[in-house]
Amino acid sequence: MQSTGVAPDAAFRLSSPTDCHPPVRAQEIPMQLTTLFNDDSAVSPVIGVILMVAITVILAAVIGTFVLGLGDQVSETSPQASFSFDYTNTSGDLTITHESGTSIDADRVSISGPVGTNGDTWADIDGSATEISAGSSITVTANDSSFASGETVRVIWTSESGSSSSTLQSWTYNG
């Protein structure tokens, strides 16, 4: 037998004294690591399961929002618009002008307060208006020829379905 200069038991290493696996030769360790890194037979099923769970969760969330009616409200957000109010005390006329912001369907905006046209839409008050854009204005008149101190007039937007509404601007008389 030829001597290699290494103790006879040095070629074998046990990971622990109670290890039941056969001893691993030091030369085989690099080969096992490359096999470990190159063996991806269990990767595809794991990734497949993760993707299926993710798709199921996303579908459940989308379907749930529409079943609960939350999907309809996304498209019914109130427009961003600014209105100014100009009051003439002698006649009791209040001119409401769309100053800036998005254009709004005139049938979706109503005027609320102690005015002769309480609850009427912008389109009802101005018979020719179909859209309210910057510079559009209407004039409403106080019920008792003038406003009392503390009375409020509101410009109210209502969604097309009627399920939501929002006060776009309000004016309070401080006389």
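Look up: the structure comes first, before these words.
Residues numbered from 1 in each chain as written. Predicted model: local features only at pLDDT ≥ 70, side-chain atom pairs only at ≥ 80, totals over all residues. Heavy atoms only, no water.

## A few points about the overall build of the chain
Right, so step 1: Scanning the chain from terminus to terminus reveals four helices and 10 strands.
Right, so step 2: Mapped in sequence order, the helices and strands of the chain form the string β-β-α-α-α-β-β-β-β-α-β-β-β-β.
Right, so step 3: Sorting the 175 residues of the chain into buried and exposed places 22% on the buried side.
Right, so step 4: Surface accessibility of the chain: about 11900 Å² in total, with carbon and sulfur atoms responsible for 56%. (Helix = DSSP H or I, 4+ residues; strand = E, 2+ residues; numbered from the N terminus. Buried < 20%, exposed > 50% of the residue type's maximum accessible area, 1.4 Å probe, protein only. Areas by Shrake-Rupley, 256 points an atom, 1.4 Å probe, with all protein chains shown as cover.)

## A closer look at the nonpolar core
Right, so step 1: Core analysis: the largest hydrophobic core is formed by 25 residues, its most contacted members being Phe-83, Leu-94, Ile-96, Ile-111, Trp-122 and Phe-147.
Right, so step 2: Per-element accounting of this core gives the leading share, four residues, to strand 3 (residues 81-88).
Right, so step 3: Discounting chain neighbours no more than four positions away, the residues touching Ile-111 are Ile-96, Thr-117, Asn-118, Gly-119, Asp-120, Trp-122, Ile-125, Ile-138, Val-140, Val-153, Arg-154 and Val-155. (Core = buried A, V, L, I, M, F, W, Y, C linked by side-chain atoms within 4.5 Å. Contact = heavy atoms within 4.5 Å.)

## Focus on the sheet that holds strand 4 (residues 93-101)
Right, so step 1: Taken together, three strands build an open sheet; the order of strands is 3-4-8 and the sheet is antiparallel. Only two strands of the sheet have a single partner each, and these edge strands are strand 3 and strand 8 (137-141). The average undirected angle you get between the axes of adjacent strands in this sheet is 25°. (Pairing = 2+ DSSP bridges. Axes fitted to C-alpha atoms, helices over the stretch in contact; angles between N-to-C directions.)

## Quick word on the pairing of strand 9 (residues 152-158)
The two faces of a sheet get side chains in turn, since along a regular strand they alternate between them.
Right, so step 1: Among the seven residues in strand 9, five count as buried, and that is most of the element.
Right, so step 2: Where strand 6 (residues 109-112) lies against strand 9, four bridges are found, and the strand directions are antiparallel. Note that in strand 9 the partner of Ser-110 across the bridge is Ile-156.
Right, so step 3: Examined bridge by bridge, strand 9 and strand 10 (residues 165-172) share seven bridges and lie antiparallel to one another. Its bridge partner being in strand 10, Val-153 is matched across the sheet by Trp-171.
Right, so step 4: Counted along the chain from strand 9 to the antiparallel partner strand 10, the turn is six residues long, and its residue Gly-162 has a positive phi close to 80°.

## Things to note about the sheet that holds strand 9
Right, so step 1: Spatially, the three strands line up as an open sheet ordered 6-9-10, and their pairing is antiparallel. Each edge of the sheet is formed by a strand with only one pairing partner; in this case those strands are strand 6 and strand 10. Adjacent strand axes in the sheet meet at a mean angle of 20°, parallel and antiparallel pairs treated alike.

## Section: a negative patch on the surface
Right, so step 1: The grouping of Asp-105, Asp-107, Asp-124, Glu-131 and Glu-160 at the surface amounts to a negative patch.
Right, so step 2: Looking at the secondary structure, you find Glu-160 in the loop between strand 9 and strand 10.
Right, so step 3: By relative accessible area, which is 68% here, Glu-160 ends up exposed. (Patch = residues over 30% accessible without salt bridge, like charges linked within 9 Å, V, L, I, M, F, W, Y side chains within 5 Å. Salt bridge = Lys/Arg side-chain N within 4 Å of Asp/Glu carboxyl O. Lys, Arg positive; Asp, Glu negative; His and termini not counted. Charge placed at Lys NZ, Arg CZ, Asp CG, Glu CD.)

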